[in-house]
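Structure assessment
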Amino acid sequence: MSPPPAAPSSPLPAAYADDAISLILERRLTVERRPKILWVELTNKCNYACVMCPNAADVTQKRGFTFMSRDLFRKVVDEAASFDPFFAIFLGGESMLHPHLFEMIRYGKERGLSKIHLVTNGSMLTEKRCAETLDSNLDLLTFSFDGYDRKTFEYARIGGSFDEVTANIRRLLRMKKARGLSKPYTKIYALDLHHEGDAKFAAFFESFRDDGLNEYGVEKPGHWAGRFLGTDRFIAPENGPRFFPCHYLWKSLSILADGTVVPCCADFEGQLPIGDAHAETLLEVWNGPRLKAMRESHLAARVDRYGLCAKCDVVWHHAVDERGVPAALADPRRPVVKLNP
Ligand code: SF4
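What comes next concerns the included structure. Note that the structure is a prediction, hence the values are computed from the model and not measured.

Conventions adopted
- Residues numbered from 1 in each chain as written.
- Predicted model: local features only at pLDDT ≥ 70, side-chain atom pairs only at ≥ 80, totals over all residues.
- Near = placed C-beta within 6 Å.
- Nonpolar A, V, L, I, M, F, W, Y, C, P; charged D, E, K, R; others polar.
- Helix = DSSP H or I, 4+ residues; strand = E, 2+ residues; numbered from the N terminus.
- Buried ≥ 20, exposed ≤ 12 C-beta atoms within 10 Å, placed from the backbone.
- Pairing = 2+ DSSP bridges.
- Right-handed = clockwise from strand over helix to strand, strands pointing away.
- Axes fitted to C-alpha atoms, helices over the stretch in contact; angles between N-to-C directions.
- Parallel < 35°, antiparallel > 145°, perpendicular 65-115°, else oblique.
- Left-handed = near helix turned anticlockwise from the far one by under 90°.
- Contact = placed C-beta atoms within 7 Å.

So, the site of the ligand
Around the ligand, the structure places 13 residues, and the nearest of them are C246, C264, L308, C309 and C312. A per-class count over the shell around the ligand returns 12 nonpolar, no polar and one charged.

Re unusual backbone geometry
A cis geometry characterises the amide bond from K183 onward to P184, with omega recorded as -5°. The residue P184 is located in the loop between α7 (162-179) and β6 (185-191) in this model. Positive phi, close to 55°, is recorded for H195, a residue that is not glycine. Relative to the helices and strands, H195 resides in the loop between β6 and α8 (198-205). If you check the backbone angles, A225 has positive phi at about 55° while not being a glycine. Within the fold, A225 resides in the loop between β7 (215-219) and β8 (242-243).

What about the pairing of strand β3 (residues 86-89)?
The side-chain alternation of β3 yields two buried faces, one formed by F86 and A88 and the other by F87 and I89. Taken together, the three bridges between β3 and strand β4 (residues 116-120) define a ladder with parallel strand orientation. What sits directly across from F87, in β4, is I116. Crossover connection from β3 via helix α4 (residues 101-110) to parallel β4: handedness right-handed.

Some points on the packing of helix α3 (residues 70-80) against α4
Contact pair α3 / α4: the axes reach a minimum separation of 10 Å and the direction vectors enclose 25°. One element, α3, and the other, α4, form an angle in the roughly parallel class. Considering only the axes of α3 and α4, their crossing is right-handed. Side by side, α3 and α4 meet where R70, F73, R74 and V77 of the first sit next to M104, Y107 and G108 of the second.

Here you go:
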């Protein structure tokens, strides 16, 4: 069975299709407009140890497990409320492990954030948590589900149960449908770890259509800033020879559970600290000396001092256009298949 034609997703990637490329081509070190995306890590603890996740590759052991305090979360929300970014609650762990998750989402909604996005592995969606999710006024909910049957899923998502997570997702979808809710917008997101093609995933994900799933997307994995280069866990991309600055530096901030601000959601360990959300405002970090120094180094294509960036597949490309812009970034909207638009 072939998947339906891909189309741009509706609410999710508007934040990705932004002006970062123009700002890079204009060589801006200071970015007047606010960050389009915040990645906020409630915890780096996870109940899975996925084969393609740096968090399962000794990262958490180095950092220790942390849970973001409610005070810090409120500070981040209060500052973000003035520019209403795409507010992604996800980075290095499973957010449903945080005991105050739903209170935090409700706080964000009360403060006026209009695009709160929760990403979960779906393992903890009991009936109670499904109800709390639906009651929280969450905008977007993505299930990470990297497989299309028990074998592929349980290879990738070590510690997970295909049957349990499938049932949990259906439970949430059916409860939402029974209540007649339009929110949260729901998506299943999968990595095709061994490049098997979308059709196998499509055949399974189509089975969620009648439950009301809004869309699904399948992508090939990256190598997480070089961490999985040369491993045989999955097929990781080879870096290309053409460098283009990292668009995340002109687009987003990521806040780790301990308050360390890092430039991207690939920096699980806080190797590239650019600020401290306890002591600085997000906007001070956004045009602060450390992020501006990173932008300058990327514009000069001299990133050796930033170890993660030097190996990262986000900056090394195979093909670029006449402006030097990688084809993959010219239209960064992620392909999705809409089941219930
Ligand atoms: S290039 Fe650097 S800042 Fe950009 S995603 Fe990779 S590691 Fe993160």
